[in-house]
Each structure stands twice: as structure tokens, then as C-alpha cells.
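Chain residues, written in single-letter form:
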Amino acid sequence: MQRLLTVFALVASWALVAVVQSKERLGYNPTASFGLFSASRNSNAGLYYWLRRSSAANAPVDSDILYLRLSWLDLVGEDGFDFSPIEKALTEGGASARIAFRIFALNSCFSSYGGFDIPAAAAGEGSWIAPSSGADSVDCKNKRVLVPDWNSAAFISGATQLIRELGSRYNGHRNVAFVEIGLVGDWGEWHLGSFPYCDLDWNRNRVRRPSEDLRRKIIDEYVSAFPDTQLLMLSDDVESLLYALSQNTRIPIGIRRDSWGSAQFNNSSLVTQWVFSDDASVGGKCRMFGRLLSPELRPLIFERWKKAPVVVESFGGQFARALPPSKLVDQVRNCKVSLIANGSWGGAWSNLPGLYQAAILDAGSQAGFHYAVSRTAVNSVGTKFELQTWWSNLGTAPTYEDWDVFVRVFDVRSQIYVAHLPLSLNLRMVFPRDSGSSCLEEVDVNGGALRKVNDGQAVVDGFAGVLLPELALGDYEVRISVVKRGSSSRRMKLLLRNENSDGSYTVGKLKVDGD
């Protein structure tokens, strides 16, 4: 008798592939087909939920990442630190939810503490009262704020103690998705451009902006405190961003950028380091100088997506008056965005024009990793048979976590798995098909020409195969499961149809019968 391996193609035609000495015949029908993009699929991809915002301000999308932004004073109790706001957030989403957070020492306009967001003991002797960055806006609640003396021993000591306490509690915590490197600048965003440092009617003590030493000190403290947690660095201070990205950390530091949906998001401000002269002023305003980043340093920013996430937030809803809706999706795809903050739309979600609501949901559904088995086949290898799989990433970025991929053979008659086979595939290296697209736009902030920066070479789709075991006569399904390493309960959602109740996907059918 002979054993025949035949492949049932999608066009329903049989083809003889191999003939070997045996008693059984094995047929294979590949059934994998692409699914549809969804706004709620995988953790670490797409829109994530912003806690402490009105529910009306969030797009109607579920997420297992809950983000919160906290004042330094939120974490101060009567007898020291009080981390109950973070502990409360850890319980709000259930056992599978994860939180992310940033801490700030200065909050223009929207402070819950009347503009004083730092303990007096940490503000420093040179701290001063300044007009809020948005003091002229009718929406600005706090017209005056306390600006810390960033370079003082008091601020450095207090910030160091806070970061270390946070790290001792939350470094490597399984329910912490990421931590943003904050504390410096307005809202912890590492910028202070609007504050009148050169107007001595306000800054009477001639307090300086955060020095390079101070900025590096804060970054170093976060890196030391959170070696086992994904850190993100804000992008407005390019010099500090480059310093953070150059750190040799076990988990590469990612990028957090504001102004998604505006022209500023991907113009030359991405590669411009602003230098302020606090000793020279024009009408009380500091002179500022823009210096373009040299081309050899730009890959640190534009190729970061290959090993760490790019996370963004909108520009307070202003994009609805600035850019066409299609630009929102273009920016997410071209800049390899993984995660989008859900809840900074400049007001209630329902007030956004429908075209922009659709564009936000579309961008959120495409952001991050979206893997699919694009093709499968069975070929003979000597007297055995090998299942071959081809993989595509139809999203905007790879995964930055370790996942284990398994081929499972399901016996249709007995309704049990008869084989569980590991597939040697590193999904971190299966990049999006449009990996060669450029993030940086051609026009800079002053209207001049700027050469586009290509952020990498296109990467070939992934391939992996595994030998199938000997099977008894019968009908079987070939299923694929992708499981988070170290967590048997967390399954990756694939961009495929035919999902099973256990989180696996049927990609083909086997039939073994006698000749």
C-alpha cells in the first residue's frame, strides 16, 4: 500500500505532492483567512484608556491598559508618601488590567492644588510664581502656578526619593504596562517654553531652567529604579530624549510624543533642539535658537520602533481644525505608532465631527502589531510531513514582548488535542510590510525644505515549520496558539478568522485515511 500526501488548495483542486511507503493517505486543506481590523484586539496595541477623565471624553473602545497622570502632591500623605491613587488604579480594571502612569511637578491651568503641585520642601528656595502657559485661555482654571527651582538640592533630593520609592513598589510589577519618565517641565513633558524666565518682574531670583545635569540625573534615576519595566521618554526635549534612548537598558526605552493629529507631530520639531538664552531677552522673553539634529543621530529616534514602542497623544482636539482625517492614520502608520492615548480630544468624544471619530478609531485599530498566518502548506520530509507557516504583520509595529507560538492538532472526533508543537518563530522580528516608509515630513517649522528620513528597510514576512507526529486515521484541525511567555492565560489576538473558544485559530484541516 502507499501513503499519499495531497494538498487541498483554496480553489478546491487536489494535487499529488509526495508518495512514500505507508498504509495511510494524508490530505491537507489550508483554511486560514485574514480577519478584520478591530479597535479592541491586543494589549500594547491601539487605543488605551485614560483614567480620571470623564467617560464622555473617551472613545468607545475597551482596553486593558489604564493610564493615569498624577501630581507629585497626589502621592504625599501626612507621614510621607501615599501611593493609594496608584493602588486604587491597580484594582479598577480587574486582575488582567494593567496601568501606566506619569508624575508631574508642574501643571499649568488644570492643577487640583491651585497651581502648587510639589511639596514646599522640594520646591527649592528659588521657586517662583509664574503665569500658567495657557493663562489667556478661558479654559485655564489656574492662572498662576508655582515653578520649582529645578536645579536646587531640595528638588533633586525630593525627586530622587520619589522615583526610588516608586521603583521599589512597581518595578517589574506584572500589572504595570509602562512608566513615563516625567517630573521635569510642564505636565512632566520636559518643556517650559512658555514660562517667562527672562522677565525679572516674574523670575526675580533669576532661577534657571533645568540644567543638563539635572535632566540626566532624573533620567538616570528612572533607569535605575525601573530596570524591569517599559519606560517611555517624552520627545519635546530632543537632547534629553537622545540621552535616554542611548541608555543600555535591558528593556529598551520607548518614545512618548504629544501633538498627534497636528502638523507639529512629524515636522522638523522632532529633530530640533531648542536652546534658550536666559541671559538675553527681547521684551522680557528669552531668546531661543533651534538647532537641527545631525543626520547620524536621527536613527536613534526614527528607528526606535524596531525595538521599543512609540506612544502618542493628540493635541487636545486641535487636529479637527488643522489636518484632514486621513492624516491621522498616515501619521500612525508612517511613524510606527503602537499605542494612542484615548481621552485627549479637547472635550467630549461626541462633540468631535464624525469623520474625525472614524479616523481615530481607524488609526487605533491599525496601531501596533497585527499578526496573521498568511499561508500554510504541508510537505514531505523523508518519511515525515512538515507543516509550513508564513506570517505577516499588517499593523504598524512589531510586538516588544516575548511570545511562544504553538501548532496544535485537534482530533475532531474525540474533541481533544493530540499534539502540541512549539513553532520556532520570533514575532519581535516580523516587522510591518511598510517598514521603509518615512515618519518625518519634508517641511520644517520655518517652512524650509528638510530631507526625509527613512526609518529602516522593509522586512521579509516570517516563516516557520514544524514536523507533524504520526496520526491515527481520522479528521483533524490544525490550530495556531500564541501565548505570552510566562503567562498561560494571555493569548495574542491574530488578524484571522476561525478563532476557537480557547483563543487558538484553525488554519487548516488534516484527513488521514486508508488507501
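In this convention, every chain numbers its residues from 1, walking through the sequence in written order. Reporting in this predicted model follows two pLDDT cut-offs: at least 70 for local features of residues, and 80 or more for side-chain atom pairs to be given and counted; totals over whole chains, interfaces and linings ignore these cut-offs and use all residues. Computation of side-chain values covers all heavy atoms of the structure but excludes hydrogens and water.

Asker: An account of the overall build of the protein is requested, with residue identities and associated values reported.
Answerer: Segments assigned H or I by DSSP are reported as helices when at least four residues long, segments assigned E as strands when at least two residues long, and all are numbered from the N terminus. Scanning the protein from terminus to terminus reveals 8 helices and 24 strands. The cut-offs for exposure are 20% and 50% of the maximum accessible area for each residue type, with area from a 1.4 Å probe on protein chains only; residues under the lower value are buried, those over the upper are exposed, and the others partly exposed. Of all 515 residues assigned to the protein, the portion counted as buried reaches 54%. Element-wise, carbon and sulfur atoms account for 50% of the exposed surface of the protein, whose accessible area totals about 22,400 Å². Working definition of accessibility: Shrake-Rupley area with a 1.4 Å probe, residue cover restricted to the visible protein chains.

Asker: Report on the packing of helix α1 (residues 84-92) against helix α3 (residues 153-170), specifying residues and quantitative values.
Answerer: Simply put, an axis is a line fit to the C-alpha atoms, just over the touching stretch for a helix, and the angle between two N-to-C directions goes from 0 to 180 degrees. It is at 12 Å that the axes of α1 and α3 come closest, and there the two elements cross at 30°. Between α1 and α3, the angle is such that the two are roughly parallel. The hand of the α1/α3 crossing is right-handed. Listed contacts from α3 to Ile86, Glu87 and Leu90 of α1 are Leu166, Arg169 and Tyr170. An angle counts as roughly parallel when it lies under 35 degrees, as roughly antiparallel when it exceeds 145, as roughly perpendicular when it falls between 65 and 115, and as oblique in every other case. Note on convention: near helix rotated counterclockwise from far helix by under a right angle means a left-handed crossing. Clockwise means right-handed. Contacts between residues were defined by any pair of non-hydrogen atoms, one from each residue, lying within 4.5 Å.

Asker: Describe the pairing of strand β11 (residues 176-181), naming the residues involved and giving the relevant values.
Answerer: Most of β11 is tucked away, with 6 of its 6 residues classed as buried. Two strands are said to pair when DSSP picks up at least two bridges between them. With 3 bridges joining them, strand β8 (residues 98-104) and β11 adopt parallel strand pairing. Directly across from phenylalanine 101, in β11, lies its bridge partner valine 179. Two strands pair when backbone bridges link them, and β11 and strand β12 (residues 231-234) are joined in this way by 3 bridges, in the parallel orientation. Bridging from a neighbouring strand, glutamate 180 pairs with leucine 232 of β12. Viewed with both strands pointing away, a crossover whose connecting path from the first strand over the helix to the second turns clockwise is right-handed. Crossover β11 to β12 through helix α4 (residues 212-225) is right-handed.

Asker: Hey, could you go over the sheet that holds strand β13 (residues 254-260) for me, with residue numbers and the actual values?
Answerer: Spatial strand order, β4-β5-β8-β11-β12-β13-β16-β17: 8 strands in a closed barrel with parallel pairing. Shown here is a sheet whose adjacent strand axes are inclined to one another by a mean of 30°, direction ignored. Two strands pair when backbone bridges link them, and strand β4 (residues 46-50) and strand β17 (residues 339-342) are joined in this way by 4 bridges, in the parallel orientation. Directly across from tyrosine 48, in β17, lies its bridge partner alanine 341.

Asker: Just give me the short version of a nonpolar patch on the surface, but keep the residues and values in it.
Answerer: Two joining distances apply to patches: 9 Å for like charges and 5 Å for nonpolar side chains (Val, Leu, Ile, Met, Phe, Trp, Tyr), and every residue must have over 30% relative accessible area and no salt bridge. Every case where a carboxyl oxygen of Asp or Glu lies within 4 Å of a side-chain nitrogen of Lys or Arg is listed as a salt bridge. The grouping of Tyr113, Phe116 and Ile129 at the surface amounts to a nonpolar patch, some 250 Å² of accessible area in total. The residue tyrosine 113 is located in the loop between β8 and α2 (120-123) in this model. Accessibility expressed as a relative area gives 32% for tyrosine 113, which makes it partly exposed.

Asker: Tell me about the nonpolar core, and please be specific about residues and values.
Answerer: What we call a nonpolar core is a set of buried Ala, Val, Leu, Ile, Met, Phe, Trp, Tyr and Cys residues that are connected through their side-chain atoms within 4.5 Å. By size, the foremost hydrophobic cluster in this structure holds 93 residues, and its most contacted members are Leu166, Trp260 and Ile340. Counting 37 residues, the second-largest nonpolar core is a separate cluster that includes Ala372, Phe385, Val409 and Ala464.

Asker: Can you explain the layout of surface pockets? Please cite residues and give values.
Answerer: Over the atoms rolls a probe the size of a water molecule, and its path tells where empty space is left. Grid points spaced at 1 Å and placed over the protein atoms alone form the basis of the search, with a cavity being a set where a 1.4 Å probe fits but cannot get out and a pocket an open set showing protein on both sides within 12 Å along at least five of seven lines. Lining residues have an atom within 4 Å of a point. Grid points are joined across faces, edges and corners, and a volume is the space filled by probe spheres set on the points. The computed volume of the second largest pocket comes to approximately 1,200 Å³. Taken together, the elements giving at least two residues each to the lining of the second largest pocket come down to β4 and β11. Tallying contributions element by element places β11 first for the lining of the second largest pocket, with 3 residues. In terms of residue class, the lining of the second largest pocket is built from 17 nonpolar, 15 polar and 16 charged. Residues are grouped as follows: Ala, Val, Leu, Ile, Met, Phe, Trp, Tyr, Cys and Pro are nonpolar; Asp, Glu, Lys and Arg are charged; all remaining types, including Gly, are polar.

By themselves, these are just geometric observations and shouldn't be taken as functional.
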